[in-house]
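# Results of the structural survey
Single-letter residue listing:
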Amino acid sequence: MTGRARRVWSGQAIFVAWATVVAVGIVAPFVVYPVFAMNVLVMALFASAFNLLLGYSGLLSFGHAAFLGSAAYVTGWAAKSWHLPVLVSMGAGVAVATVLGLLFGVLALRRSGIYFAMITLGLAQVVYFLVVQMPWTGGEDGLQGIPRGTFLGIDLGNSFAMYYFTYAVFLAAFWLIQRTIHSPFGQVLRAIRENEPRAISLGYDVQRYKLLAFVISASLAGLAGSLKAVALQFATLGDVAWQRSGEVVLMTLLGGMGTVLGPSVGALLVVTMENYLSSLGSWVTVITGTVFVVMVMAFRRGLVGEIKALFARRS
Amino acid sequence: MPDDLILETRDVVKEFRGFVAVAGVSLKVKRGSIHGLIGPNGAGKTTMFNLLTRFLPATRGSILHRGEDVTRLPAAQVARRGVVRSFQISAVFPSLTALENVRIALQRPLGTSFRFWAPARSLSVLDDRARALLGDVDLAALADVPAGELPYGRKRALELATTLALEPEVLLLDEPTAGMGHEDVGRVAELIKRVAKGRTVLMVEHNLSVVADLCDTITVLARGAVLAEGSYAQVSSDPAVREAYIGSAA
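This one's a predicted model, so the numbers in the text were calculated from it and none came from an experiment.

All names here are of chain A. Per-residue pLDDT for chain A averages 89, and the proportion of residues at 70 or more is 96%. When mean pLDDT is taken per element in chain A, helix H9 (residues 206–232) scores highest with 96 and helix H1 (residues 3–31) scores lowest with 73. Ignoring residues within four places in sequence, the model shows residues 1–5, a span with pLDDT below 50, making three contacts including any to other chains.

Right under this line is the structure:
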């Protein structure tokens, strides 16, 4: 395949990706429960934010639940106790996640590889501990009954209105992630991931680029958490727990790390399994685990990654 | 005259947990020269490179660039001062096209490298320069090929084009002809000769005919210390050098 054909192909792929996402998103609430669809969107955003870090910067964070969860709690608290407008509450959640991201990033980026992952995990456990201990978070109960409020005069209490609000935020964030990947900054990230010493020898302070990638990823994970608090109207310990950090790795790998749509597809798979198999109780974990092992063994590039590779071979 | 020295080390030492890789080397690289660094395996040549470009911290001693102490600067900053290195294994960004590889080097001075919101096409202003640089190393026709798919010799040429995009004052080439076939060696040697005009080159090289052909000054290292220094004729007739080479071959 020539370079030009490759570029056209990648242009087409981006168009197809967008068309698919938009079309599926518009009809979704008529096909499935809006709350379920919102849950998928929130997790898809979370996984896409995570993929920006793992897939495009090569950094494996094992503490992303801290950003999702802390933003969910802060947004919930701001909306419930201070009665702030929905966008302001969400902004507060994202701001907290961003600050946490900066803190995590500065500390964890002093190490690389498995040590980096372990530091993010350790810091996330500290956040979990704080959430359990602080009185306003509701302990085991979490925050329940978070009000959705109104947006531009539209009552978000209506599930369809809330869904399309969630969807709009998701699309905006999804667009920003794509933009980031293809930006001058994204080019440097790719260069660092592929050959870090070479990037240094070209004069790049690679740590600063990694830190910015980490903070962007944390902010967007926080946005997913804020959205979750408003859309599903609760924030619980499950959102800050380490299992959540593991789940996002799973979603990303299932769908295809380093692909545009992969994380969203992975989120759809995992949330669907958890939702529709919930009658089976703890067997869900066994099934999810088995599916994960089989998928990783059979399709190392993830679902979307394998489909992409198939098309690349054909043409 | 010290002004003539662009790069200098003073009694630089590098120890790894008790093993002394570089044992007090004082190197003087003159501005505008092609300086060769040769020696048997394990002589400390690549370690010297890593010290000079700050990829490794020196245990003792100092490193000067244009007479200023750079011993404690971060590696990226040394690169921004114009002391740019290549690597023993060809260092390209494999999934990026040849053009994008060169553009990575060109885009930093643009000052937009932290702009994650800027569109991809904001980099296309660099395309003409990148193509010209690729043309200089005969890669113009392969501009849109991912670097990972280029043959080895072409990768090295691409690496050189990327390095030259920074317009470095000092080029440090770590075995530029390593692993190459006969024709590629000749082409790369020609290329080095061409790009060395108006620059200073310090190169580690095993191919002695390349060294003889290109280098004005040669420093021979053995067991982390300077064994001899001078022109190729001087160095090659030095009995200590002959012994070190034959000794290592045995």
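Our next topic: unusual backbone geometry. Backbone geometry places A:His83, a non-glycine residue, at a positive phi of 55 degrees. As for its placement among the helices and strands, A:His83 is situated in the loop between helix H3 (65–81) and helix H4 (86–108). Its identity is not glycine, yet B:Glu167 carries a phi of approximately 45 degrees, on the positive side.

What follows concerns the packing of helix H2 (residues 34–57) of chain A against helix H11 (residues 262–276) of chain A. All names here are of chain A. With their axes 8 Å apart at the nearest point, H2 and H11 run at an angle of 140 degrees to one another. What the angle tells us is that H2 and H11 run oblique. Handedness of the crossing formed by H2 with H11: right-handed. Across the interface between the two elements, Phe-36, Asn-39, Val-40, Met-43, Ala-44, Ala-47, Ser-48 and Asn-51 of H2 pack against Pro-263, Ser-264, Ala-267, Leu-268, Val-271, Thr-272, Asn-275 and Tyr-276 of H11.

Any two side chains of opposite charge can pair, so long as their charged atoms come close to each other. Evaluated as defined, the whole model comprises 18 salt bridges over all chains. The salt bridge partner of B:Arg60 is B:Glu15, with a shortest N-O separation of 3.2 Å. Taken together, the positions of B:Arg60 in strand E5 (residues 60–65) and B:Glu15 in strand E1 (residues 5–16) put the pair 45 residues apart, joining distant regions of the chain. Judged by its relative accessible area of 46%, B:Arg60 is partly exposed. Under the relative-accessibility criterion, B:Glu15 is labelled partly exposed at 30%. Sharing partners across several salt bridges, the network here consists of A:Lys228, A:Asp239, A:Arg244 and A:Glu247.

This next bit is on the pairing of strand E10 (residues 217–222) of chain B. Residues and elements named next belong to chain B. Along E10, five of the six residues are buried, which leaves the element largely enclosed by surrounding structure. Bridge analysis of strand E4 (residues 34–38) against E10 gives four bridges, and the strand direction is parallel. Counterpart to His-35 in the pairing with E10 is Thr-217. Direction of pairing for E10 relative to strand E11 (residues 225–230): antiparallel, over a ladder of five bridges. Following the sheet pairing, Leu-221 is matched in E11 by Val-226.

The next subject is the sheet that holds E10(B). Residue and element names in this part refer to chain B. The strand order across the open sheet formed by six strands is E7-E8-E9-E4-E10-E11, and the pairing between neighbours is mixed. Two strands lie at the open edges of the sheet, namely strand E7 (83–85) and E11, each paired on one side alone. Each adjacent strand pair in this sheet contributes to an overall mean axis angle of 20 degrees, direction not counted. Its contacts with the sheet put helix H5 (residues 152–165) on E7 and strand E8 (170–174), and the angle it makes with E8 is roughly 160 degrees.

Bringing the environment of A:Trp82 into the picture now. Examined against the element boundaries, A:Trp82 turns out to sit in the loop between H3 and H4. Put simply, A:Trp82 and A:Tyr128 are 46 residues apart on the chain and 23 Å apart in space, counted from C-alpha to C-alpha.

Let's shift gears to a nonpolar patch on the surface. Residue and element names in this part refer to chain A. The grouping of Val-22, Ile-26, Val-27, Phe-30, Val-31, Phe-160 and Tyr-164 at the surface amounts to a nonpolar patch, some 640 Å² of accessible area in total. Within the residue set of the nonpolar patch, elements represented by two or more residues are H1 and helix H6 (159–182). Examining the composition of the nonpolar patch, we find that five residues originate from one element, H1, more than from any other. Inspection of the secondary structure assignment puts Val-22 in helix H1.

Time to look at the side chain of B:Lys45. All names here are of chain B. Structurally, Lys-45 can be placed in helix H1 (residues 45–52). For the buried Lys-45, no salt bridge is present, and the opposite-charge side chain at shortest range is Glu-175, 5.4 Å distant. Ignoring any residue separated from it by four or fewer positions in sequence, one finds Lys-45 in contact with Leu-37, Ile-38, Gly-39, Pro-40, Val-204, His-206 and Leu-221.

Criteria and cut-off values
Residues numbered from 1 in each chain as written. Chains lettered and ligands numbered in written order. Predicted model: local features only at pLDDT ≥ 70, side-chain atom pairs only at ≥ 80, totals over all residues. Heavy atoms only, no water. pLDDT = per-residue confidence, 0-100. Helix = DSSP H or I, 4+ residues; strand = E, 2+ residues; numbered from the N terminus. Contact = heavy atoms within 4.5 Å. Axes fitted to C-alpha atoms, helices over the stretch in contact; angles between N-to-C directions. Parallel < 35°, antiparallel > 145°, perpendicular 65-115°, else oblique. Left-handed = near helix turned anticlockwise from the far one by under 90°. Salt bridge = Lys/Arg side-chain N within 4 Å of Asp/Glu carboxyl O. Buried < 20%, exposed > 50% of the residue type's maximum accessible area, 1.4 Å probe, protein only. Pairing = 2+ DSSP bridges. Patch = residues over 30% accessible without salt bridge, like charges linked within 9 Å, V, L, I, M, F, W, Y side chains within 5 Å. Areas by Shrake-Rupley, 256 points an atom, 1.4 Å probe, with all protein chains shown as cover. Lys, Arg positive; Asp, Glu negative; His and termini not counted.

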